[in-house]
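# Structure assessment
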Amino acid sequence: WLPQARGDAPLLLYLHGGPGTSELGMVRAYNIPALEKHFTVVVWDQRGAGRSFAALEPLAGMNIEQFISDTRELSLLLCRRFSQKKIYLVGHSWGSALGALTVQRYPELYHAYVGVGQVVHMQASERISYDWTLAQAQKAHDSRSVANLERIGAPPYSGDVRSKVVTQRAILGKYGGE
């Protein structure tokens, strides 16, 4: 979603969580109205998500290096399009990991970076989430969920990572986790 420039308002690029989860609807409802008082806001559906779902192929392009490259390329395009030397970057959840890595590599492109729900140690967080989900399913005597979790095993995942994460997240949500 690319807005029209608002005079000389600074530019803010929002990186959603996921990966693969567009947050455009949520951000439009809860964040953009307040942010647009101070910024021209760009919300980007990263490759494989929302309006960029078609960019999922090839799957080999779904890696951190490609996402960092995509973020840099979009940042450069936005600087040119809106005649700005630098932009602000906000990352939520997965977007916070992507944002921190991108700013670390290309600090010259950004005034500042803001992490929301900042990812600190993704592998440890995934393991904690899996263990909690399995414990909730066991406590509820939910044999089907326990079997599905045991089938995919604990992270780090290999093989069809996406389906394993989707399976774990569905069961996580069933027990009120996020």
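Position numbers for residues start from 1 in each chain and track the written sequence from start to end. In keeping with the predicted nature of the model, local features appear solely for residues at pLDDT of at least 70, side-chain atom pairs appear and are counted solely at 80 or more, and the whole-chain, interface and lining totals rest on all residues. As a convention, hydrogens and water are excluded, and side-chain values are obtained from all of the structure's heavy atoms.

## What about the packing of helix α5 (residues 122–139) against helix α6 (residues 143–152)?
Every axis in this analysis is a line fitted to C-alpha atoms, fitted for helices over the stretch in contact. Angles between the N-to-C directions lie between 0 and 180 degrees. Elements are defined by DSSP. Helices are runs of H or I of four residues or more, strands are runs of E of two residues or more, and each kind is numbered from the N terminus. As a packed pair, α5 and α6 sit with axes 8 Å apart at the nearest point and diverge in direction by 150°. It follows that α5 is roughly antiparallel to α6 by the angle criterion. For the pair α5 and α6, the crossing hand works out as left-handed. Mapping the contact onto sequence places Y130, T133, L134, A137 and Q138 in α5 and S145, V146, L149, E150 and I152 in α6. Residue polarity follows a fixed list, in which Ala, Val, Leu, Ile, Met, Phe, Trp, Tyr, Cys and Pro are nonpolar, Asp, Glu, Lys and Arg are charged, and the others, Gly among them, are polar. The class makeup of the residues in the contact of α5 with α6 is 6 nonpolar, 3 polar and 1 charged. Orientation is classified from the angle alone, with under 35 degrees giving roughly parallel, over 145 giving roughly antiparallel, 65 to 115 giving roughly perpendicular, and any other angle giving oblique. Crossings are classed by handedness, with left-handed meaning an anticlockwise turn of the near helix from the far one by less than a right angle and right-handed meaning a clockwise turn. Every residue pair with non-hydrogen atoms within 4.5 Å of one another is taken to be in contact.

## Observations regarding unusual backbone geometry
Residues P155 and P156 are joined by a peptide bond in cis, for which omega reads 10°. Within the element layout of this structure, P156 appears in the loop between α6 and α7 (161–174). Here S93, not a glycine, exhibits a phi torsion of approximately 55°, which is positive. Position of S93 relative to the elements: it lies in the loop between β3 (87–92) and α4 (94–105). Despite not being glycine, H141 has its phi angle at roughly 55°, a positive value. With respect to the helices and strands, the residue H141 is situated in the loop between α5 and α6. A simple rule labels every residue: compare its accessible area, found with a 1.4 Å probe on the protein chains alone, to the largest value its type can have, and call it buried under 20%, exposed over 50%, or partly exposed in between. Under the relative-accessibility criterion, H141 is labelled exposed at 71%.

## Concerning the side chain of Q168
Along the polypeptide, Q168 turns up in helix α7. For Q168, a relative accessible area of 1% corresponds to the buried category. In protein, a polar contact means a hydrogen-donor-capable atom and an acceptor-capable atom, both N or O and within 3.5 Å, with residues adjacent in sequence counting only if both atoms are side-chain atoms; elsewhere, any N or O pair within 3.5 Å suffices. Side chain to side chain, Q168 and S129 meet in a polar contact 3.0 Å long. In terms of polar contacts, Q168 uses its side chain to reach the side chain of T133, at 3.0 Å. With near-sequence residues (within four places) excluded, Q168 lies in contact with S129, Y130, T133, L149, I152 and Y157.

## Considerations on the sheet that holds strand β4 (residues 110–116)
DSSP calls a pair of strands paired once it identifies at least 2 bridges connecting them. Pairing in this open sheet of 4 strands is parallel, and the strands run β2-β1-β3-β4 from one edge to the other. A single partner strand is all that each edge strand has here, and the edge strands are β2 (40–44) and β4. Averaged over all neighbouring strand pairs, the angle between strand axes comes to 20°, with direction disregarded. Sheet analysis places β3 next to β4, joined by 6 bridges and oriented parallel. When the sheet's bridge partners are listed, G91 is paired in β4 with G115. Packed onto the sheet, α4 meets β1 (11–15), β2, β3 and β4 and runs at close to 150° relative to β4.

## Observations concerning the side chain of T71
Looking at the secondary structure, you find T71 in helix α3 (residues 64–81). Accessibility expressed as a relative area gives 0% for T71, which makes it buried. The residues touching T71, leaving out its near neighbours within four places in the chain, are L15, W44, L98, T102 and Y110.

The values reported here are purely geometric and, on their own, carry no functional implication.
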